[in-house]
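What follows is the residue order along each chain.
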Amino acid sequence: MNDQLYQDRIVALAKAKTGAGRLEAPTKSARRDNPLCGDRVTIDVKLDGQGRITEIAHQVRGCLLCQASASALSAVAVGRDAAGIAEVRHDAERALGRQAGEAHEPFTAFVPVAAHKSRQECVLLPLEALKDALA
Amino acid sequence: MSFDVAAVRRQFPILSEIIDGRPIHYLDNGASAQTPLAVIDAVRHYETTSRANVLRGVHRLAERATEAYENARAEVATFLGVQPMETVFTGGCTAAINLVAYSYGSLLKPGDRILLSELEHHSNIVPWQLLRTRSGVELDMIPVTDDGRIDLAELPRLLTPKTKLVSLAHVSNVTGALLDVRAVVSAANAVGAKVMLDGAQRAPHGPLDLPSLGIDFYVFAGHKAYGPNGIGVLWGRPELLEAMPPFMGGGSMIGRVTFAETTWAPAPRRFEAGTPAIGPAIGLGAACTWMQRLDWSAAHDHEMALVQRLMDGLQRVDGTHLFGPASLQNRYPVVSFTLDGVHPHDVAQTLDSFGVAVRAGHHCAQPLMDRFDLDGTTRVSMAPYNDNSDIDALLAGVAHAAKTLR
Ligand SMILES: Cc1ncc(COP(=O)(O)O)c(C=O)c1O
């Protein structure tokens, strides 16, 4: 069976649902839609005085890749500011083969998506939403 | 006589493609159908023996091109049961709807109403919203029943003397439901409203007899009806086309141009400004003739047997929900479903790894998705060349997605 895309790590990240849900009193929130496929991600964050994330939550109405990416992002977001999240974005882009260099954990899980251009936006959508929230 | 699906398949070269060691199970015909050799050959014949512009030259290639283009119009007209002069080539189905919304729409007044339905494709919603912004017409919407049909019981409430046009999908691109055209036309006529049908999902399933439907406009897309991309058709009642101003201005659509004033050519030329998509029109003509030659009574039975096999099979997978009419009556071979706990895109992606092509998502019908509170569905849309092996490959893929992705 040629199941390259849905490898165990991606499925496991999606099922882990790290950070799934909404925050009570977020400092900032943002929502992003992918008009092509209808995926929708809402991200809530709490920030400290230096603009660093202290808490993060996400709600995904979307596919497994989008859910897995939101989980991965939530796992590494706490303690980072906008510049730190931009670093995570580079990691995702590296995993997708859109930037040179080695991706770091946990975004290495998305390397199989490099061969599926039409699904890469699904992985990037939570990062877009978080970028908006931090802007 | 039973339907010889193998003989039909042989006419579609792409169906013997092998990708990653697997045959193609093409079940995304509602998005774009495949094209038979008859169409490919007709386009090639034009490009290799008759390529020139139409209507403008006196040389022999121009005459050949013009003849082939007008012959294609006649083939399309025959397929629709209408006259060539009433048959306008457009850039597609969307382009045809926009033409009517712009041109017929320019004859409407603020406060006039247009009636649509909740299951329309965005291309039969957005052009009317643009018209609303331009000219102050009002839009009404017929709701959809729980089994995915336009709820005609609501017609008396929604049709008013202000309603000038009712524009509805002949067949839904999500649920496969066939519209009860007679009921719509008689209700619309009673208030003096015109009726337009979006035939994008109906035209690929055999010839039509538009005059017997009593409608005023019909549109469809070439690429969904086994023809090329970049071509579509608008049919309109001649007296309506005659009353409508042009949509675009340019060459070929004029009577006489001076800087003071320009007069319009009669339909269909009036609506075909500029050099048309000549090759694609010729291909669409060939596609219509190809459809004309198929035994559609047998083909339809064959398609609906596939629908039954699909519905039976899906119901055996835990957590699937079929969406749309439960019966095979008054429907066409488009089937949407959801699988609990698995997003439609993930179903479609898994199916791709089984060699099965389907569409997943909102199908450009977001109001319908909202009506059922769905993110999307997985849609299986069939053509006469599909066979049991296509359905069985799909069912295996759905079972696999159900097992591994939740
Ligand atoms: C019912 C319906 N109407 C209109 C369209 C638009 O067709 P096109 O994009 O080819 O213009 C489609 C295609 O998806 C359709 O299914």
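Residues numbered from 1 in each chain as written. Chains lettered and ligands numbered in written order. Predicted model: local features only at pLDDT ≥ 70, side-chain atom pairs only at ≥ 80, totals over all residues. Heavy atoms only, no water.

Caption draft 1: Highlighting the overall build of chain B. Looking only at helices and strands, chain B features 14 helices and 17 strands. Against the globule reference of 22 Å for 406 residues, chain B gives a C-alpha radius of gyration of 22 Å, in line with a compact fold. Taking the principal axes of the C-alpha coordinates as reference, chain B spans close to 70 × 55 × 35 Å. Out of the 406 residues belonging to chain B, those deemed buried represent 57%. Of the contacts made within chain B by residues no fewer than 6 positions apart, 72% connect residues no fewer than 24 positions apart. Looking at chain B as shown, the accessible area adds up to about 16,200 Å², and 53% of this sits on carbon and sulfur atoms. Charge centroids of chain B, computed over 34 positive and 42 negative side chains, lie 5 Å from each other. (Helix = DSSP H or I, 4+ residues; strand = E, 2+ residues; numbered from the N terminus. Rg over C-alpha atoms; globule rule 2.2 N^0.38 Å. Buried < 20%, exposed > 50% of the residue type's maximum accessible area, 1.4 Å probe, protein only. Contact = heavy atoms within 4.5 Å. Areas by Shrake-Rupley, 256 points an atom, 1.4 Å probe, with all protein chains shown as cover. Lys, Arg positive; Asp, Glu negative; His and termini not counted. Charge placed at Lys NZ, Arg CZ, Asp CG, Glu CD.)

Caption draft 2: Local environment of the packing of helix H3 (residues 82-95) of chain A against helix H4 (residues 120-134) of chain A. All names here are of chain A. The interhelical angle for the contact between H3 and H4, taken along N-to-C directions, is 165°, at an axis separation of 11 Å. Classed by the angle they form, the pair H3 and H4 counts as roughly antiparallel. As H3 packs across H4, the resulting crossing turns out to be left-handed. Every residue of H4 that contacts H3 at Ala-82, Ile-85, Val-88, Arg-89, Ala-92 and Glu-93 is listed here: Leu-124, Leu-127, Glu-128, Leu-130 and Leu-134. Looking at the contact of H3 with H4 residue by residue, the classes come out as eight nonpolar, no polar and three charged. (Axes fitted to C-alpha atoms, helices over the stretch in contact; angles between N-to-C directions. Parallel < 35°, antiparallel > 145°, perpendicular 65-115°, else oblique. Left-handed = near helix turned anticlockwise from the far one by under 90°. Nonpolar A, V, L, I, M, F, W, Y, C, P; charged D, E, K, R; others polar.)

Caption draft 3: Here's a closer look at helix H12 (residues 344-353) of chain B. Residues and elements named next belong to chain B. For H12, a buried count of nine out of ten residues is recorded, marking the element as mostly surrounded by other parts of the structure. Pro-344, His-345, Asp-346, Val-347, Ala-348, Gln-349, Thr-350, Leu-351 and Ser-353 are the residues of H12 that are buried. Backbone geometry just downstream of H12 places Gly-355 in the positive-phi region, at approximately 80°.

Caption draft 4: Here's a closer look at the sheet that holds strand S4 (residues 87-90) of chain B. Residues and elements named next belong to chain B. Ordered by their spatial adjacency, seven strands build an open sheet running S4-S10-S9-S8-S7-S5-S6, and the pairing between neighbours is mixed. What marks the edges here is a single partner per strand, and that holds for S4 and strand S6 (138-142). Averaged over all pairs of adjacent strands, the angle between their axes in this sheet comes to 20°, without regard to strand direction. Of the strand pairs in this sheet, strand S9 (residues 217-221) and strand S10 (residues 232-236) are connected by five bridges, and their pairing is antiparallel. Pairing of Ala-221 across the sheet is with Gly-232, part of S10. (Pairing = 2+ DSSP bridges.)

Caption draft 5: Quick look at the domain arrangement of chain B. Residue and element names in this part refer to chain B. When cut into domains, chain B gives domain 1 (39-292) and domain 2 (295-404). Here the C-alpha centre of domain 2 lies 29 Å away from the C-alpha centre of domain 1. The interface of domain 1 with domain 2 comprises 28 residues on the first partner and 29 residues on the second. Together, the buried faces of domain 1 and domain 2 total about 2,300 Å²; carbon and sulfur atoms form 59% of this surface. When the buried surface of domain 1 facing domain 2 is broken down by residue, His-122, Val-174 and His-205 rank first, second and third, together holding 28% of it. Seen at the junction of domain 1 and domain 2, the total is two salt bridges. (Domains from an automatic or database assignment. Buried area = accessible area lost by both parts, 1.4 Å probe. Salt bridge = Lys/Arg side-chain N within 4 Å of Asp/Glu carboxyl O.)

Caption draft 6: Spotlight on the site of the ligand. All names here are of chain B. Surveying the vicinity of the ligand reveals the residues Cys-93, Thr-94, His-121, Ser-123, Asn-173, Asp-198, Ala-200, Gln-201, Ala-221, His-223 and Lys-224. Here His-121 contributes a side-chain N or O atom positioned 3.0 Å from an oxygen atom of the ligand. His-223 is positioned with one of its side-chain polar atoms (N or O) 2.6 Å from an oxygen atom of the ligand. Relative to its unbound accessible surface of 400 Å², the ligand loses 86% to contact with the protein. Taken together, the residues of the shell around the ligand break down into three nonpolar, six polar and two charged. (Near = heavy atom within 4 Å. Polar contact = N/O pair within 3.5 Å; in protein donor to acceptor, adjacent residues only side chain to side chain.)

Caption draft 7: Expanded view of the interface of chain B and chain A. With 17 residues of chain B at the contact, the number on the chain A side is 19 residues. In total, chain B and chain A occlude about 1,500 Å² of area from one another, counting both sides; carbon and sulfur atoms represent 46% of this. At the junction of chain B and chain A, the tally comes to three salt bridges. B:Asp375 serves as the salt-bridge partner of A:Arg61, at 2.4 Å between the closest nitrogen and oxygen. Where chain B meets chain A, there are eight residue pairs in polar contact (both at pLDDT 80 or more). Every element with two or more residues in the side of chain B that touches chain A is listed here: H12 and helix H14 (388-404) of chain B. Here the side of chain B that touches chain A gets five residues from one element, more than from any other, and that element is H12(B).

Caption draft 8: Region of interest: the packing of aromatic side chains. Residue and element names in this part refer to chain B. Per the counting criterion, the structure on display carries eleven aromatic pairs over all chains. One aromatic cluster is present, formed by Phe-12, Tyr-226, Trp-290 and Tyr-385 through successive ring pairs. One residue, Arg-371, lies across the ring of Phe-372, its end atom 4.3 Å from the ring centre. (Phe/Tyr/Trp six-rings, centres within 6.5 Å; stacked < 30°, edge-to-face > 60°. Lys NZ or Arg CZ within 6 Å of the ring centre and 35° of its normal.)

Caption draft 9: Main features of the nonpolar core. Judged by nonpolar contacts, the single largest core of 74 residues is most densely connected at B:Leu80, B:Phe220 and B:Tyr226. Among the elements that line this core, the one with the most residues is helix H10 (residues 278-292) of chain B, at nine residues. If we skip the residues at most four places from it in the chain, B:Leu80 touches B:Leu208, B:Asp209, B:Leu210, B:Pro211, B:Tyr218, B:Phe220, B:Val233 and B:Trp235. Counting residues in each nonpolar core, the second largest holds 71 residues, with A:Ala30, A:Leu134, B:Val307 and B:Leu394 among its members. (Core = buried A, V, L, I, M, F, W, Y, C linked by side-chain atoms within 4.5 Å.)

Caption draft 10: The pairing of strand S14 (residues 334-339) of chain B, seen in detail. Residues and elements named next belong to chain B. In terms of burial, S14 is largely enclosed, as six of its six residues are buried. Side chains of S14 alternate between two faces, with Val-334, Ser-336 and Thr-338 and Val-335, Phe-337 and Leu-339 buried alike. Sheet topology places strand S13 (residues 320-323) next to S14; four bridges connect them, and they run antiparallel. Residue pairing across strands places His-321 opposite Thr-338, the latter belonging to S14. Relative to strand S17 (residues 377-381), S14 runs antiparallel, the two being bridged by four bridges. Bridging from a neighbouring strand, Val-335 pairs with Val-380 of S17.

Caption draft 11: The arrangement of the environment of A:Glu128 in detail. Residues and elements named next belong to chain A. Mapping Glu-128 onto the fold places it in helix H4. Here Arg-32 takes part through its side chain, which lies 3.3 Å from a polar atom of the side chain of Glu-128. Side chain to side chain, Glu-128 and Arg-89 meet in a polar contact 2.6 Å long.

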